[in-house]
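The lines below spell out each chain.
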Amino acid sequence: MLSVAFALLFAACGGPLEYMAKGTPRAPDADAKIVAEVNSSTVLTTVSIEAEHLAPPDRLMPGATAYVVWARKDSSSQWQRIGSLAYNADKRTGSLPTATVPLTSFELIVSAEQQNAPTSPSPHVVIQQKIAD
């Protein structure tokens, strides 16, 4: 009983949000652990991503060389590029150790791209997750 009360108290005090995101239909084997540390007072969220079972990006889109991470407040907002996954082709993993998003609740996606710094995401989304404080 004490452990349940402690867990509820810890959850009420905050702490990082953790999500286990499954791949989209374009990449059904992909999995990602997303950790978001929301700072409501500064309206900033620090995000880290560890993804596995990622196919090489060029298998999802001809000419793709990177997985890029995007965020937006809602469907009426434009996507903002927040970073790229460091992709390991041998292990089929990707990671983004840290990125800062100037929002506390937002949509997050990872897409296959032909370059590391495109101006908008391609339709080749492999991971998607709603981050909410």
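Residues numbered from 1 in each chain as written. Predicted model: local features only at pLDDT ≥ 70, side-chain atom pairs only at ≥ 80, totals over all residues. Heavy atoms only, no water.

Considering the overall build of the protein chain
- Of regular secondary structure, the protein chain possesses 2 helices and 9 strands.
- Listed by position from the N terminus, the elements making up the protein chain come as α-β-β-β-α-β-β-β-β-β-β.
- Expressed as a percentage of the 133 residues in the protein chain, the buried residues total 41%.
- Long-range contacts, defined as pairs at least 24 residues apart, comprise 58% of the intrachain contacts of the protein chain with a sequence gap of at least 6.
- Carbon and sulfur atoms provide 54% of the accessible area of the protein chain, an area that totals close to 7,700 Å². (Helix = DSSP H or I, 4+ residues; strand = E, 2+ residues; numbered from the N terminus. Buried < 20%, exposed > 50% of the residue type's maximum accessible area, 1.4 Å probe, protein only. Contact = heavy atoms within 4.5 Å. Areas by Shrake-Rupley, 256 points an atom, 1.4 Å probe, with all protein chains shown as cover.)

Regarding the pairing of strand β9 (residues 125–131)
- Judged by how many residues are buried, β9 sits mostly within the fold: 5 of 7 residues are covered.
- Judged from the 6 bridges that link them, strand β8 (residues 106–113) and β9 form a sheet pairing that is antiparallel. Of the residues in β9, the one forming a bridge with F106 is I131. (Pairing = 2+ DSSP bridges.)

Some details on the sheet that holds strand β3 (residues 44–52)
- Pairing in this open sheet of 5 strands is antiparallel, and the strands run β1-β2-β3-β7-β6 from one edge to the other. Edge strands, defined here as strands with exactly one partner in the open sheet, are β1 (17–22) and β6 (86–88). Direction aside, the axes of adjacent strands within the sheet are offset by 10 degrees on average.
- Sheet analysis places strand β2 (residues 31–39) next to β3, joined by 9 bridges and oriented antiparallel. (Axes fitted to C-alpha atoms, helices over the stretch in contact; angles between N-to-C directions.)

A closer look at the pattern of salt bridges
- Within this structure, the stated rule accounts for 3 salt bridges.
- The partner of E18 in a salt bridge is K33, and the shortest N-O contact between them spans 3.8 Å. Within this pair, whereas E18 is found in strand β1, its partner K33 is found in strand β2, the two being separated by 15 residues in sequence.
- Under the relative-accessibility criterion, E18 is labelled exposed at 53%.
- Since its relative accessible area comes to 35%, K33 is described here as partly exposed.
- One salt bridge in this structure joins E107 and R72, with 3.1 Å as the shortest N-O distance. Pair noted here: E107 is in strand β8 and R72 is in strand β4 (residues 66–72), with a separation of 35 residues, a long-range link.
- E107 sits in the partly exposed class, given a relative accessible area of 22%. (Salt bridge = Lys/Arg side-chain N within 4 Å of Asp/Glu carboxyl O.)

Overview of the pairing of β2
- The pairing of β1 with β2 spans 6 bridges and is classified as antiparallel. Counted as the bridge partner of E18 is V35 from β2.
- Linking β2 back to β3 in an antiparallel pair, the connection comprises 4 residues, with V43 at a positive phi of about 55 degrees.

Let's talk about the nonpolar core
- Core analysis: the biggest nonpolar cluster contains 30 residues, and I34, I49, L85 and L108 have the highest contact counts within it.
- Put simply, the parts of the chain that give this core at least two residues each are β1, β2, β3, β4, β7 (93–101), β8 and β9.
- Counting residues per element, this core draws most heavily on β8, at 4 residues.
- Once you skip the residues sitting within four places of it in the chain, L85 turns out to touch I49, A51, L54, Y67, V69, G94, S95, L96 and V110.
- Core analysis: the next-biggest nonpolar cluster, separate from the first, contains 5 residues, V68, W70, I109 and V125 among them. (Core = buried A, V, L, I, M, F, W, Y, C linked by side-chain atoms within 4.5 Å.)

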